[in-house]
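Here is what each chain is made of, one letter per residue.
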Number of protein chains: 2
Amino acid sequence: MSSFSDADLILPPDGRQSPAALAIQRGVRRHFASLGAVTLCELTLASWRRADVMALLPDGRLTIVEVKSSLADFRADGKWHEYRDWCDSFSFAVAPDFPLEVLPEDAGLIIADAFGAEMLRAAPAHPLAAARRKAVTLRFARAAAGRLHRLADPDGAAGLLD
Amino acid sequence: MSSFSDADLILPPDGRQSPAALAIQRGVRRHFASLGAVTLCELTLASWRRADVMALLPDGRLTIVEVKSSLADFRADGKWHEYRDWCDSFSFAVAPDFPLEVLPEDAGLIIADAFGAEMLRAAPAHPLAAARRKAVTLRFARAAAGRLHRLADPDGAAGLLD
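Residues numbered from 1 in each chain as written. Chains lettered and ligands numbered in written order. Predicted model: local features only at pLDDT ≥ 70, side-chain atom pairs only at ≥ 80, totals over all residues. Heavy atoms only, no water.

The name given to chain A in an unreviewed UniProt entry is MmcB family DNA repair protein, and the organism recorded there is Camelimonas fluminis.

Asker: Report on the packing of helix 1 (residues 19-34) of chain A against helix 3 (residues 130-152) of chain B, specifying residues and quantitative values.
Answerer: At a minimum axis separation of 12 Å, helix 1 of chain A and helix 3 of chain B run at an interaxial angle of 130°. When the axis of helix 1 of chain A is compared with that of helix 3 of chain B, the two are oblique. Crossing geometry of helix 1 of chain A relative to helix 3 of chain B is assigned as left-handed. Facing helix 1 of chain A, whose interface residues are Arg-29, Arg-30 and Ala-33 of chain A, helix 3 of chain B presents Ala-145, His-149 and Ala-152 of chain B. Its residues assigned to classes, the contact of helix 1 of chain A with helix 3 of chain B comprises three nonpolar, one polar and two charged. (Axes fitted to C-alpha atoms, helices over the stretch in contact; angles between N-to-C directions. Helix = DSSP H or I, 4+ residues; strand = E, 2+ residues; numbered from the N terminus. Parallel < 35°, antiparallel > 145°, perpendicular 65-115°, else oblique. Left-handed = near helix turned anticlockwise from the far one by under 90°. Contact = heavy atoms within 4.5 Å. Nonpolar A, V, L, I, M, F, W, Y, C, P; charged D, E, K, R; others polar.)

Asker: Residues and numbers for the pairing of strand 1 (residues 38-44) of chain B, please.
Answerer: All names here are of chain B. Across the seven residues of strand 1, seven count as buried, placing the element largely inside the fold. Here six bridges tie strand 1 to strand 2 (residues 50-56), and the two strands are oriented antiparallel to one another. The residue bridging Leu-40 from the neighbouring strand is Met-54, located in strand 2. Linkage of strand 1 to strand 2, two consecutive antiparallel strands, is achieved through a turn of five residues, within which Trp-48 is found at a positive phi near 75°. (Buried < 20%, exposed > 50% of the residue type's maximum accessible area, 1.4 Å probe, protein only. Pairing = 2+ DSSP bridges.)

Asker: So what's going on with the sheet that holds strand 5 (residues 108-113) of chain A? Residues and values would help.
Answerer: All names here are of chain A. What the six strands build is an open sheet, ordered 1-2-3-4-5-6; its pairing is mixed. The open sheet has two free edges, formed respectively by strand 1 (38-44) and strand 6 (116-121), since each of these has just one partner strand. Each strand axis lies, on average, 30° off the axis of its neighbour in the sheet, ignoring direction. Sheet topology places strand 5 next to strand 6; five bridges connect them, and they run antiparallel. Opposite Ala-112, over in strand 6, you have Ala-117 as the bridge partner. Against the sheet, helix 3 (residues 130-152) engages strand 1, strand 2 (50-56) and strand 3 (62-68), with an angle of about 95° to strand 1.

Listed below in structure tokens is the structure:
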């Protein structure tokens, strides 16, 4: 069932993000991992929007981080407020050279590169109702385990969509 | 960040199971995938016992499947009742040539090979209290996403234990 050793196994990016966005994403995930939080990228929500990074904190709270690799990328997103409906807090993550003054002050702010990240402004909390948090957590768990299963047995798990 | 293409990426087994157990596990996971359920193998519970297969059903119910690759393997496990504390239902999964008469009738029974599985006896339901189900679901989500993160960035996610 395997043609290579564990040591060679590095999950490649899925090809949907630019190198700049991938570097920010990687640093953001490292930041959350250092807090004991797990993260999932490109999680499709019930609204069919896709969260760049969804973090599940040790206490069960959910936070969404939208990665903006350029000013144009930020300006093209007029609907970021909608992410609040699916998380307990929301932040933007940008590279160190991003013009920070354009970013809304009512969202968290993370500065990231490929090696780590720093939270420059804490994300305001807007706790989800318990039923919604339960539904998003279930979606998170299903996406994560489904992806692992598809990696282990692509034919057997093909029916498990995110 | 990648040295091979997606097409080559098959997650190898982690080396803790025998080939016979792996075949059963693979078929069991396929069975649950066909029901729209995601599964995770070798999930360590809060009791420090490890579930061979934990399935998360689309409605959020959790079921544990213990794989018994031989009669000796079954007889060595005197504590399977304890798994009930961490799931809404419990089953054994065995190969087609296993002596079924030794298996307890108050547990579910799945016959599996590497290509699929059949539920021979439905697992009796013993619903978890909501708080416990929430905790186990969180553990499931953390283990799945942590494993994915370690695959994508072994150094960055090293601190995320199951």
